[in-house]
Protein chains: 2
Amino acid sequence: MDSMVAREQALDAAERLFYGRGIQSVGMDDIRGASGVSLKRLYQLFPAKEQLVVAYLERRDVRWRQRLAEHVEGHEDPGRRILAVYDWLGQWFREPDFRGCAWINSYGELGATSERVAAQVRSHKRAFKGYLSGLASDAGLPAGLADQLFLLAEGAMVTAAIEQSGAEPAVQAGLAARMLVKGYGGAVGH
Amino acid sequence: MDSMVAREQALDAAERLFYGRGIQSVGMDDIRGASGVSLKRLYQLFPAKEQLVVAYLERRDVRWRQRLAEHVEGHEDPGRRILAVYDWLGQWFREPDFRGCAWINSYGELGATSERVAAQVRSHKRAFKGYLSGLASDAGLPAGLADQLFLLAEGAMVTAAIEQSGAEPAVQAGLAARMLVKGYGGAVGH
DNA sequence: CACCGGGGAGAACGATCGTTCTCGCACCCG
DNA sequence: CGGGTGCGAGAACGATCGTTCTCCCCGGTG
């Protein structure tokens, strides 16, 4: 049972370090130091670093999508809900330790060498796109729009990471999204 | 003088390997093997791996933007030129060795640890965005549109990389771009 | 021919890292 | 109390890698 808390501590440290400095530049020993979980315990929880990486991405995935969904659920109007996604992205981009999308970064780092990581990244992105599809169909908008909304969100994430421009890419993406929604015949409350 | 050809060979090998397998997973020795340029020569051309990486990104940057510009220049109508960007992206995505945007990937891998790489990535993205701004203003469209066109292109690049879906993200981005251009009052010939 | 400078092949070095092993301590069951 | 078992601390191991060094050949110069 105590190993559950060790697991969470290990994942906390892994998330902080992997996300902040990249995966390859963080050693298992750094994670031990930051988490207080001994190397032996680390390796019985996660038999290889790759599994720790995947577990970190998985846990972050459910939390990330949950935070997004909670924000969106604060809005009633289906058209407004779509735009709320970009508001939330803007909030995220302004967090002081924001360093881009963990999955896009991980894919750039390990997508070519680790199939498990690549699969986790695809799974996260598909879930996000699926979520947008749901919002679009709730608003009576065509399915193709969701793909475009997705591209805007992805573009905003990379741009916010590379330039460290805070919420601005999210604002631009939100403006574009609003125009696309209107163009497809959706109503957007103010 | 002969060192110029060694430099090109080194950069050819660096580009092939760094782009295909990621930067950190390619050793200097791999580059020597693939280029035929001796380690000693490599290190007198590029005193550290980081400089080889930056040189690779720089050379690829000018070639990439030139290829794009050549494609776009095949079109006359200013509105059509904007959409030609997405056509070209689609062609690029279908190349058999396509593995995403070299700069986004490099940023995910080294953005947190190498300021020189991060600066090169920013420089490339700013140049690309600047190019789109030029296309937008040639078409008499507002400057803000260029930011949105940029986000669509970036989103298409990451998505095409993660899913290996060929040209489809470029098609979606092109449709969105077309709608945005029309929404801002631009004329788009078919 | 003697010499020298540059370059290639590849060994060597030092650091890092993922992973495993050793050792010693503390706790639990009889 | 006594023996064993699980765990933490950290050393150790083996591989990899960036970088430098050694050694040897070759081509040019007097």
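Residues numbered from 1 in each chain as written. Chains lettered and ligands numbered in written order. Predicted model: local features only at pLDDT ≥ 70, side-chain atom pairs only at ≥ 80, totals over all residues. Heavy atoms only, no water.

## Focus: the domain arrangement of chain A
Residues and elements named next belong to chain A.
Here's step 1: You can read the domains of chain A as domain 1 (1-47) and domain 2 (59-183).
Here's step 2: Centre-to-centre separation of domain 1 and domain 2, based on C-alpha positions: 27 Å.
Here's step 3: Counting from both sides, the interface comprises eleven residues of domain 1 and, opposite them, twelve residues of domain 2.
Here's step 4: Broken down residue by residue, the surface that domain 1 buries against domain 2 is led by Glu15, Tyr19 and Ile23, which jointly contribute 65%.
Here's step 5: Taken together, the connections running from domain 1 to domain 2 amount to five salt bridges.
Here's step 6: Note that Glu15 is salt-bridged to Arg59, the shortest N-O span being 3.2 Å.
Here's step 7: Looking at side-chain class alone, the side of domain 1 that touches domain 2 contains three nonpolar, four polar and four charged residues. (Domains from an automatic or database assignment. Contact = heavy atoms within 4.5 Å. Buried area = accessible area lost by both parts, 1.4 Å probe. Salt bridge = Lys/Arg side-chain N within 4 Å of Asp/Glu carboxyl O. Nonpolar A, V, L, I, M, F, W, Y, C, P; charged D, E, K, R; others polar.)

## Section: the relation of the copies chain A and chain B
Here's step 1: Overlay of chain A on chain B (RMSD 0.0 Å): rotation 180 degrees, translation along the axis 0.0 Å. Seen this way, the second copy is the image of the first under a two-fold rotation axis. Every residue of chain A has its C-alpha some distance from the rotation axis, and the shortest such distance is that of Gly155 of chain A, at 1.9 Å.
Here's step 2: Taken as a fraction of all interface residues of chain A, those also at the interface in chain B reach 100%, which identifies the copy contact as same-surface. (Least-squares fit on C-alpha atoms with pLDDT ≥ 70 in both.)

## Regarding the interface of chain A and chain B
The parts lose accessible area when they come together, and the size of an interface is often stated as this lost area.
Here's step 1: Taken together, the contact between chain A and chain B spans 40 residues of the former and 40 residues of the latter.
Here's step 2: Each partner contributes to the roughly 3,300 Å² buried at the junction of chain A and chain B, and carbon and sulfur atoms together form 65% of this total.
Here's step 3: Considering only the surface of chain A that becomes buried against chain B, Tyr107, Leu151 and Ile162 of chain A emerge as the three largest contributors, covering 20% of it.
Here's step 4: Counting every contact that joins chain A to chain B gives two salt bridges.
Here's step 5: Two residues, Arg126 of chain A and Glu163 of chain B, come together in a salt bridge whose shortest N-O distance is 2.7 Å.
Here's step 6: For the interface between chain A and chain B, the tally reads four residue pairs in polar contact (both at pLDDT 80 or more). (Polar contact = N/O pair within 3.5 Å; in protein donor to acceptor, adjacent residues only side chain to side chain.)

## Some details on the protein's contact with DNA strand C
Here's step 1: Taken together, 13 residues lie near DNA strand C, and Gly27, Met28 and Lys49 of chain A together with Ser38 and Lys40 of chain B sit nearest.
Here's step 2: When atoms of DNA strand C within 4 Å of the protein are sorted by moiety, sugar and phosphate together comprise 59%.
Here's step 3: Note that a base oxygen of DNA strand C is positioned 2.7 Å from one of the side-chain N or O atoms of Lys40 of chain B.
Here's step 4: Within the contact set of DNA strand C, a phosphate oxygen lies 3.3 Å away from a side-chain nitrogen or oxygen of Arg41 of chain B.
Here's step 5: Sorting the residues of the surface near DNA strand C by element identifies α3 (39-45) of chain A together with α3 (39-45) of chain B as the ones contributing at least two each.
Here's step 6: Taken together, the residues that form the surface near DNA strand C break down as five nonpolar, three polar and five charged. (Near = heavy atom within 4 Å. Helix = DSSP H or I, 4+ residues; strand = E, 2+ residues; numbered from the N terminus.)

## What about the packing of aromatic side chains?
Here's step 1: Inspection of every chain in the model, using the stated rule, returns 20 aromatic pairs over all chains.
Here's step 2: Judged by centre distance (5.0 Å) and plane angle (45 degrees), the ring pair of Phe93 of chain A and Phe98 of chain A falls under tilted.
Here's step 3: The buried category is assigned to Phe93 of chain A, whose relative accessible area is 4%.
Here's step 4: Ring geometry for Phe128 of chain B versus Phe150 of chain B: centroids 5.8 Å apart, planes at 55 degrees, classification tilted. One end of the pair, Phe128 of chain B, is in helix α7 (residues 115-138); the other, Phe150 of chain B, is in helix α8 (residues 143-162), and 22 residues separate them in sequence. (Phe/Tyr/Trp six-rings, centres within 6.5 Å; stacked < 30°, edge-to-face > 60°. Buried < 20%, exposed > 50% of the residue type's maximum accessible area, 1.4 Å probe, protein only.)

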